Amino acid sequence: MPFQLPTQEEKHAYVHDQFERIAARYDLANDVISLGMHRFWKKLAVDVLIDGPGRSGNRQQRLSGKYLDVCCGTGDLALRIAERLDRDGEVTGLDFSGNMLEVAKQRTAKHEQSLSARTNFVQGDAQNLPFDDDSFDGAIISFGLRNLTQFDRGISEMARVVKPGGFVVNLDLGRAKGAFFAPMFKLYFRHFVPIVGAVLQNDRKAYTYLPESKSTYPDPEGITKLFQEAGLTNVRHVGLSSGSVALHVGVVAEK
Ligand SMILES: C[S@@+](CC[C@H](N)C(=O)[O-])C[C@H]1O[C@@H](n2cnc3c(N)ncnc32)[C@H](O)[C@@H]1O
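Residues numbered from 1 in each chain as written. Predicted model: local features only at pLDDT ≥ 70, side-chain atom pairs only at ≥ 80, totals over all residues.

Some remarks on the site of the ligand
Turning to step 1, where the next piece is worked out: Neighbouring the ligand are 20 residues; Phe 19, Cys 71, Gly 73, Ser 97 and Ser 142 lie closest to it.
Turning to step 2, where the next piece is worked out: Residue composition of the shell around the ligand, grouped by class: 10 nonpolar, 7 polar and 3 charged. (Near = placed C-beta within 6 Å. Nonpolar A, V, L, I, M, F, W, Y, C, P; charged D, E, K, R; others polar.)

Quick look at helix 4 (residues 76-83)
Turning to step 1, where the next piece is worked out: Taken across its 8 residues, helix 4 has 7 buried, putting it largely inside the fold.
Turning to step 2, where the next piece is worked out: Those residues of helix 4 lying buried are Asp 76, Leu 77, Ala 78, Leu 79, Arg 80, Ile 81 and Ala 82. (Buried ≥ 20, exposed ≤ 12 C-beta atoms within 10 Å, placed from the backbone. Helix = DSSP H or I, 4+ residues; strand = E, 2+ residues; numbered from the N terminus.)

Some points on unusual backbone geometry
Turning to step 1, where the next piece is worked out: Although it is not a glycine, Leu 35 sits at a positive phi angle of roughly 55 degrees.
Turning to step 2, where the next piece is worked out: Structurally, the position occupied by Leu 35 is in the loop between helix 2 (26-33) and helix 3 (37-51).
Turning to step 3, where the next piece is worked out: We classify Leu 35 as exposed; it has 9 C-beta atoms within 10 Å.
Turning to step 4, where the next piece is worked out: One non-glycine residue, Asn 202, lies in the positive phi region at around 55 degrees.
Turning to step 5, where the next piece is worked out: Turning to its location among the elements, Asn 202 is positioned in the loop between helix 8 (181-201) and helix 9 (204-212).

A short note on the sheet that holds strand 4 (residues 136-142)
Turning to step 1, where the next piece is worked out: Taking strand neighbours across the sheet as the criterion, the 7 strands line up as 3-2-1-4-5-7-6 in an open arrangement whose pairing is mixed. Both edges of this open sheet fall to strand 3 (119-123) and strand 6 (232-240), since each of them pairs with a single strand only. Averaged over all adjacent pairs, the angle separating strand axes in this sheet is 15 degrees, with direction ignored.
Turning to step 2, where the next piece is worked out: Across the sheet, helix 5 (residues 98-109) touches strand 2 (90-95) and strand 3, and the angle it forms with strand 3 is around 170 degrees. (Pairing = 2+ DSSP bridges. Axes fitted to C-alpha atoms, helices over the stretch in contact; angles between N-to-C directions. Contact = placed C-beta atoms within 7 Å.)

Next comes the structure, spelled out in structure tokens:
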């Protein structure tokens, strides 16, 4: 039977159920599917969140500040942010999947106390963030926006909870470029990813949704437009790995 994407009404519960199922081996599958590249993309995204685009701050220097990782999953990115912060810094990871958060908490507990002390996790909906306006110095979402029912709502919620002047960052699928690479990437993504899901997670369906979800997700230009409509300024994006992944950043304007 051909794969059918969930309807808008079904999507929230469908995506929740899927991440509850695949949480335990999510990180392993991520490494295999991205050939380890997600580590490089995330490092860059964290540098942009903290230092701003095009700036090469002193990355050895620890900074204070409060940051939010939306759709934090297993906490990988939140911990990378925590590593850049000093003892007054704080990072909050938010996700709606209890099982993903459980992995995040277990992983965090394995780190040195000073790092785990400035990392906390909250269960909630990215489209209705349980935080006051202007609560954070910056917010990031990584491979999460595509899973939301309302992309615009996810972006405007991040803009709402970040203070003016702070950055909102999105890392997600882009548009692969190149006469050879683009069709190869499409083939790889469509056919190889479900096989990885079947072998590593015994869940081909969840890993068929992953490439298929791209069809309802805007191109990088469309995401730029959504950032601007959410009131973010100086919006820019860069394509990574021949455009297959896009990193967007915008600045929160005075409110
Ligand atoms: C593909 S994973 C990304 C995890 C992590 N950010 C990363 O880059 O590895 C997507 C995550 O988004 C979460 N998610 C999807 N929709 C959500 C929503 N409406 N509110 C909160 N979390 C959501 C899922 O539970 C899942 O953990």
